[in-house]
Amino acid sequence: MALGLCLQVLCSLCVWLSLYTSLCHLNRHRSYEWSCRLVTFTHGVISIGLSAYIGFIDGPWPFTHPGSPNTPLQVHVLCLTLGYFIFDLGCIWRFAWKKSIKKYHAWRSRRSEERQLKHNGHLKTH
């Protein structure tokens, strides 16, 4: 059972990665982050649609049967979403990490410049 769930999550991750690479090729004039945001939008639309279908049509109704076992469709949607979250974690690491490193280096260089200043505001000369 656990191996099957892991394979579903891995397949979901492959689907999101292939969608991302195809969007990168289709939108060459845009940045890679733009394609990542399109994948995020696609995930939102699919998740809302599937959740509405599960909640309103397929059932069980969550307000009358709380805590009931998950249906196979619910498990598939959860695996699809977990694969997306792994993809999104990679996007965060790829795009936000570079920005945070740049901010850190800017902060360190500004701090080192402040250390070089004397109390009267003139630069030290060594």
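Residues numbered from 1 in each chain as written. Predicted model: local features only at pLDDT ≥ 70, side-chain atom pairs only at ≥ 80, totals over all residues. Heavy atoms only, no water.

A few points about the confidence of the model for the chain
One rule of thumb: low pLDDT means the predicted coordinates there are not for detailed reading. Across the chain, the average pLDDT comes to 82, with 76% of residues at 70 or higher. When pLDDT is averaged over each element of the chain, helix 1 (residues 2–26) comes out on top at 93 and helix 3 (residues 72–116) at the bottom at 77. (pLDDT = per-residue confidence, 0-100. Helix = DSSP H or I, 4+ residues; strand = E, 2+ residues; numbered from the N terminus.)

Describing the packing of helix 1 against helix 2 (residues 32–58)
The contact between helix 1 and helix 2 brings their axes to 9 Å, and the two run at 135°. By the angle class used here, helix 1 and helix 2 are oblique. Seen from above, helix 1 lies across helix 2 with right-handed handedness. Together, Trp-16, Leu-19, Tyr-20, Leu-23 and Cys-24 of helix 1 and Tyr-32, Ser-35, Cys-36, Leu-38, Val-39, Thr-42, His-43 and Ile-46 of helix 2 make up the contact between the two elements. (Axes fitted to C-alpha atoms, helices over the stretch in contact; angles between N-to-C directions. Parallel < 35°, antiparallel > 145°, perpendicular 65-115°, else oblique. Left-handed = near helix turned anticlockwise from the far one by under 90°. Contact = heavy atoms within 4.5 Å.)

Concerning helix 1
Here helix 1 is 25 residues long and its end C-alpha atoms lie 36 Å apart, about the 36 Å a rise of 1.5 Å per residue gives. Within the sequence span of helix 1, burial applies to Val-9, Ser-12, Leu-13, Trp-16, Tyr-20, Leu-23 and Cys-24. (Expected span 1.5 Å × (residues − 1). Buried < 20%, exposed > 50% of the residue type's maximum accessible area, 1.4 Å probe, protein only.)

What about the state of the cysteines?
Applying the stated criterion to the full structure yields 0 disulfides. There is no disulfide at Cys-11, and the cysteine sulfur nearest it, in Cys-14, is 6.2 Å away. (Disulfide = S-S within 2.5 Å.)

Points about the side chain of Thr-81
Note that Thr-81 resides in helix 3. Owing to a relative accessible area of 15%, Thr-81 belongs among the buried residues under this scheme.

Let's talk about the packing of aromatic side chains
In this structure the tally under the stated criterion is 4 aromatic pairs. Centroid distance Tyr-84 to Phe-85: 5.8 Å. Interplanar angle 55°. Geometry classified as tilted. Residue classification places Tyr-84 among the buried positions, given a relative accessible area of 4%. Since its relative accessible area comes to 47%, Phe-85 is described here as partly exposed. Members of the aromatic cluster, joined through ring pairs, are Trp-16, Tyr-20, Tyr-84, Phe-85 and Phe-87. Here Arg-30 stacks its cationic end above the ring of Trp-34, 4.3 Å away from the centre of that ring. (Phe/Tyr/Trp six-rings, centres within 6.5 Å; stacked < 30°, edge-to-face > 60°. Lys NZ or Arg CZ within 6 Å of the ring centre and 35° of its normal.)

Some remarks on the pattern of salt bridges
Under the counting rule described, the total for this entry stands at 1 salt bridge. Of the charged contacts, one joins Arg-37 and Glu-33 as a salt bridge, the two residues approaching to 3.1 Å between their closest N and O atoms. Here Arg-37 and its partner Glu-33 are both found in helix 2, 4 residues apart, which amounts to about one turn of the helix. On the accessibility criterion, Arg-37 (54% relative accessible area) is exposed. (Salt bridge = Lys/Arg side-chain N within 4 Å of Asp/Glu carboxyl O.)

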